[in-house]
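Descriptive analysis of the structure
Now for the letters of each chain:
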Amino acid sequence: MRLLHWTDMASQQDRRTLVVAGNGMVGHKLLEILVERGATAEWDLVTFCEERRPAYDRVGLSSFFSGTSADELSMVAEGFFDQLGLTVHLSDAVVSIDRAAGEVVSAQGRRVAYDALVLATGSYPFVPPIAGNDAPGCFVYRTIDDLEAIREYAAGCQTGAVVGGGLLGLEAANALRNLGLTTHVVEFADRLMPVQVDDGGGSVLRRRIEDLGVAVHTGMATTEILADEAGHVAGMRFKEGDDLPVGMVVFSAGIRPRDQLARDAGLAIGERGGVVVDEACRTSDPRIFAVGECALYAGRIFGLVSPGYQMARVAADRILGGEATFTGADMSTKLKLMGIDVASFGDAFATGEGCEAITYRDPVANVYKRLVLGPPDRRGDRAVAGGILVGDATVYQTLLQMCRGDMPTPRHPEELIFPASSGSATPAVGVGALSPAAMVCSCNNVDKGTICAAVAAGCDNVGAIKKITKAGTGCGGCVPLVTDIMRDEQRKAGIVVLNTLCEHFAYSRQELFDIVRVSRITSFSEVLTAHGTGEGCEICKPAVASMLASLANGHILDGEQAALQDTNDHFLANLQRDGTYSVVPRVPGGEITPDQLIALGEVAKEFSLYTKITGGQRIDLFGARVDQLPHIWRKLIDAGMESGHAYGKALRTVKSCVGQTWCRYGVQDSTALAIDLELRYRGLRAPHKLKGAVSGCTRECAEAQGKDFGVIATERGWNVYVGGNGGMRPRHAELLAADLDREAVFRYLDRFLMFYVRTADRLERTSVWLDKLDGGIEYLRRVVIDDVLGICAELEADMARHVETYECEWKAVVDNPERMERFRTFVNSDEPDPNVVFVTERGQPRPAYFHEKPDPALLAIGAKP
Amino acid sequence: MLVSKVWVDICPLDKLIPGRGVCALVGGLQVAVFRIAGEEIYAISNFDPFSGAFVLSRGIVGSRAERLKVASPIYKQSFDLVTGVCLDDATRSVRTFEVRVAGGMVQVASP
């Protein structure tokens, strides 16, 4: 029941009704535009949504598998459909149109009269007409419901295949891979992504995808889906080659416009499907419009969200009496598939007259770039006309702007795709060269001028710009460009972009690290006196302590260093919520002898410690008071154990699987390598904690791709991955180098780790650091493999010094009475802290909660009323 | 104040590391004692009102603007060493204690 204002009542008679069939991304965009333009003053907007969920982000669908919820994918602003003049019918679709009566009929029997009708019915996945394509275990990849069904079924499968190696097919393959399946991609054409890339790009893409463990089969026509006795998918048969056993099949062989509704209503339909529309997005019935993937303009279906939004904008304008036109759209795309950059823009295949292509291919780094140049002008210069980028698409935005004519093409455009030779930087073509009219966000029609205006009006972060201009809120592909424009504008306006450590130092961590390293400063007070102000704080003190430790490796409790450490580092243990500490001895590679296990058990029993296995293949002992710590460690050290640095921003563990020593599938001795790596890097202080892992085969049981550095055995050696992590924002590591021998593994990891230690921000994990590193993994390769900065010898020497000077911090404490002195609860008494109280749960101690303490009044001591 | 103060010996000054704190028991209360430099010493309660644990003596000492403070090692709120007021939430504070150095010995006034 809606309440109407009297003004609305007065105009009741004049109100008109617009029906929108379909609430996908494009259908919803149309509603948003109409609402924004005030259409609801005159129009009732009624939309039918076949799915039980209203519009959601289908472009970001795959993130559903990496933890994004259906709610987070929603594109519908809270309360949107509660607005006056808006109605949505969920789980209901328009099934017929009575054009003579001007009415639609829905599946649930609703009849709605319309003054205008917009078809936004989208598309459906094409499933090739082959035998067995409907067996249980066959899926398509289109809706959240599809993804939920895939996830459920995949739980019982080992292997899966995707039919179709296009854009969506590779998305689907990545999803299967992330679900833990051995994944195959079967493509009928002779290369992957045949619509967007050429043979050269396709082969680079293929190698990169194969490196991720996905099997690629191109030039293969699937003829039948094989079933087991129960009728479930068991394999695939091809026109050529052997059968492929798989547990499930996802069809992603292209889309087809959903035009049945229009067909039945007698509207004009294209020869190969699609509702024919003119440049007003009108169908053959002037009261009916069609937008998005169901619409056919000039013989083409536009299967991207950005042209869909453009059509929505045109249709909305026409409905409101405007004159906007749709005359085709730029099908340029840039995307990240399985972490691989792929971009295709303009005349990518150089079909235009007089066009020439320049290609660059680096088979080592696995990068392919093709630049298409238009015909020469009077002066002999050629403008960028299109291109293909695989593996490194950093120049995409620049090239795209040149291609659109928003930015002049430089004299030697080929320099844009060739890597900068050492010594000379990439030609400086900054965002400053972009014209104000240049389109930045094509999803939401935002040009550079709009963004500059937002910055001038005071927006000083990307979030604010997104909110004000809507740029970057569609596919998100332009966010880096938006960021660059913002920085450039701020720089021009004289705004200094600060990245300082804290109020005491006007330097970033990296700058301060360089100062400390170059000036050979060895104490915090020297750094503070020479380069800072005030007394320091809990941010800069541990940060500087970490730098000093990375560079010098003295004992962290010696001299002035002691005052800089966070409590965990100060007491060489992990503080828990009740003020007690936990203790984690090192268990290199997760390998532990029965005697060490017994020793750990005895210590835990003697000191009544709560015992738990950690995720890093170690054993954590909880509930130790400060004064107990040295006594605990005396016993552990006597049993041959050493500090595990769980308290430090330092190397934690190098996890391993059992490898070829025991495992039927292992191809290398992963445990031995993990132990050697852990012993090499133990105690290394870094901007944040560091974790590693080594897997003995591609099954990856040690989860090496979820670590800061991971090594995976291959038949030919070791693949090294860097920049992964679990935790709050899980990220897969990226392949740094493949098929290395042991020595090269150590060499590259030495360099990688020291480079990270030198250049990362405070509390910046390798993943974030790598994401922010200009040029990403490619640049990292150039630094640590090709040594373009000429610092590798230095990095290796730094690491050698670390390895040489390492000592167990706890052994150095228990062997030294003076250091032992620090480990007291009370400086003037040997009493234990009366406020540390334990209760027993599941046979072990745990800290008492407030209400469980014998005398809660104790807690009030010290607190002012 | 009619009652004269009782100064309780804590420890020799040279046992305190500049820039660090220790905890002392004074009349059954836990007192966090911090040495900034030289004979500049402050004492506040060891109780962290945000976590309910007695840990402030184990925090990192520093400054914010001109004020000396310690950051709780549990959730990192900062407390003014002179007034005991929490700098991140002025509604919370801890009590302060008088402290002095006499004859090379650190002493806290017993409440």
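Computed from a prediction, not measured in an experiment: that's the story for all the values here.

Within chain B, the regular secondary structure consists of zero helices and ten strands. Of the regular secondary structure in chain B, the N- to C-terminal order runs β-β-β-β-β-β-β-β-β-β. By the compact-globule yardstick of 13 Å for 111 residues, chain B fits well, its C-alpha radius of gyration being 13 Å. C-alpha extents for chain B along the principal axes are approximately 35 × 30 × 25 Å. Split into buried and exposed, the 111 residues of chain B put 57% on the buried side. In chain B, the share of contacts with a sequence separation of at least 24, taken over all contacts with a separation of at least 6, comes to 43%. Of the roughly 4600 Å² of accessible surface on chain B, 53% is carried by carbon and sulfur atoms. Here chain B contributes 12 positively and 10 negatively charged side chains, and the mean placements of these two sets differ by 5 Å.

Each helix and strand counted, chain A has 26 helices and 39 strands in total. The C-alpha radius of gyration of chain A comes to 32 Å, within 12% of the 29 Å expected for a compact globule of 865 residues. Judged by the C-alpha coordinates and their principal axes, chain A covers about 95 × 70 × 70 Å. Long-range contacts, defined as pairs at least 24 residues apart, comprise 61% of the intrachain contacts of chain A with a sequence gap of at least 6. Total accessible area computed for chain A in this model is approximately 37900 Å², and 51% of it derives from carbon and sulfur atoms. Once the 90 positive and 114 negative side-chain charges of chain A are each reduced to a mean point, those two points are 1 Å apart.

We now examine the pattern of salt bridges. Should the charged atoms of two oppositely charged side chains come close, the side chains can pair. Residues and elements named next belong to chain A. By the definition in use, this model includes 54 salt bridges over all chains. The partner of E148 in a salt bridge is R52, with the nearest N and O atoms 3.4 Å apart. With a gap of 96 residues between them, E148 in helix α4 (residues 144–154) and R52 in the loop between β2 (43–49) and α3 (70–73) connect regions that are remote in the sequence. For E148, a relative accessible area of 27% gives the class partly exposed.

Here we take up the nonpolar core. By size, the foremost hydrophobic cluster in this structure holds 94 residues, and its most contacted members are L18, L30, I97, V104, L119 and L399 of chain A. Residues L528, A545, A686 and Y748 of chain A belong to the second largest nonpolar core, which totals 61 residues.

For the rest of this paragraph, the subject is helix α10 (residues 448–456) of chain A. All names here are of chain A. Residues K448, I451, C452, A454 and V455 constitute the buried set of α10. Seen end-on, α10 carries its buried residues on one side only, within an arc spanning 155°. Of the residues trailing α10, G458 is marked for its positive phi of about 115°.

Bringing the side chain of R758 of chain A into the picture now. All names here are of chain A. Locating R758 in the fold gives a position in helix α20 (residues 742–759). What makes R758 buried here is its relative accessible area of 7%. At 2.6 Å, the side chain of R758 and the side chain of E794 are in polar contact. Among residues more than four places away in sequence, those in contact with R758 are R509, Q510, F513, R517, I791, E794, L795 and D798.

Here the focus is the sheet that holds strand β2 (residues 20–26) of chain B. All names here are of chain B. Taken together, the four strands give an open sheet; going across it, the order is β2-β3-β4-β8, and neighbouring strands pair in antiparallel fashion. Pairing within the sheet leaves two strands with one partner each, and these edge strands are β2 and β8 (96–97). Alignment of strand β4 (residues 40–45) against β8, held across two bridges, turns out to be antiparallel. Considered in β8, the bridge of I44 is made with T96.

We now examine the confidence of the model for chain A. When pLDDT is averaged across chain A, the result is 87; 94% of the residues are at 70 or more. Counting interchain partners and residues more than four positions distant, the pLDDT-below-50 stretch residues 421–429 of chain A has nine contacts.

Next up on the list: the interface of chain B and chain A. The interface of chain B with chain A comprises 41 residues on the first partner and 41 residues on the second. Regarding the contact of chain B and chain A, the summed buried area is about 3100 Å², with carbon and sulfur atoms giving 56% of it. As a salt-bridge pair, E538 of chain A and K69 of chain B come within 2.4 Å of each other at their nearest N and O atoms. For the pair chain B and chain A, the number of links is 15 residue pairs in polar contact (both at pLDDT 80 or more). A class-by-class count of the residues in the side of chain B that touches chain A yields 22 nonpolar, eleven polar and eight charged.

All names here are of chain B. On the secondary structure map, S72 appears in the loop between β6 (67–71) and β7 (78–80). Given a relative accessible area of 0%, S72 falls into the buried group. Look past the residues within four positions of S72 in its chain and what remains in contact with it is D48, V55, L56, Q77 and F79.

Picture the strands of a sheet paired through backbone hydrogen bonds; they go either parallel or antiparallel. Residue and element names in this part refer to chain A. The antiparallel open sheet is built from four strands, whose spatial order is β29-β30-β32-β31. With partners counted over all chains shown, the strands left at the sheet margins are β29 (574–575) and β31 (610–613), one partner each. Most of the contacts of helix α17 (residues 594–606) go to strand β32 (residues 619–624), to which it runs at about 15°, and overall it touches β31 and β32. Packed onto the sheet, helix α18 (residues 629–638) meets β30 (581–583) and β32 and runs at close to 5° relative to β30.

Another aspect to go through is unusual backbone geometry. The phi torsion at N445 of chain A lies on the positive side, around 60°, for a residue other than glycine. Judged by its relative accessible area of 42%, N445 of chain A is partly exposed.

All names here are of chain A. Residue position: Y114 is located in the loop between β6 (111–113) and β7 (116–119). Taking the C-alpha atoms as reference points, Y114 and V19, separated by 95 residues in sequence, lie 6.0 Å from one another. Not counting residues up to four positions away in its chain, the partners in contact with Y114 are T17, V19, I97, D98, R99, G102, E103, V104, R287 and I288.

Before going further, it helps to spend a moment on the domain arrangement of chain A. All names here are of chain A. The domains assigned to chain A are domain 1 (6–124 + 257–319), domain 2 (127–253), domain 3 (509–565) and domain 4 (574–805). Computed from C-alpha coordinates alone, the two centres of domain 3 and domain 4 are separated by 24 Å. Counting residues at the interface gives twelve residues for domain 3, matched by 14 residues for domain 4. Across the interface of domain 3 and domain 4, roughly 1300 Å² is buried in total on both sides, 47% from carbon and sulfur atoms. In this assembly, domain 3 and domain 4 are joined by zero salt bridges.

What counts as what
Residues numbered from 1 in each chain as written. Chains lettered and ligands numbered in written order. Predicted model: local features only at pLDDT ≥ 70, side-chain atom pairs only at ≥ 80, totals over all residues. Heavy atoms only, no water. Helix = DSSP H or I, 4+ residues; strand = E, 2+ residues; numbered from the N terminus. Rg over C-alpha atoms; globule rule 2.2 N^0.38 Å. Buried < 20%, exposed > 50% of the residue type's maximum accessible area, 1.4 Å probe, protein only. Contact = heavy atoms within 4.5 Å. Areas by Shrake-Rupley, 256 points an atom, 1.4 Å probe, with all protein chains shown as cover. Lys, Arg positive; Asp, Glu negative; His and termini not counted. Charge placed at Lys NZ, Arg CZ, Asp CG, Glu CD. Salt bridge = Lys/Arg side-chain N within 4 Å of Asp/Glu carboxyl O. Core = buried A, V, L, I, M, F, W, Y, C linked by side-chain atoms within 4.5 Å. Arc of directions from axis to C-beta. Polar contact = N/O pair within 3.5 Å; in protein donor to acceptor, adjacent residues only side chain to side chain. Pairing = 2+ DSSP bridges. pLDDT = per-residue confidence, 0-100. Buried area = accessible area lost by both parts, 1.4 Å probe. Nonpolar A, V, L, I, M, F, W, Y, C, P; charged D, E, K, R; others polar. Axes fitted to C-alpha atoms, helices over the stretch in contact; angles between N-to-C directions. Domains from an automatic or database assignment.

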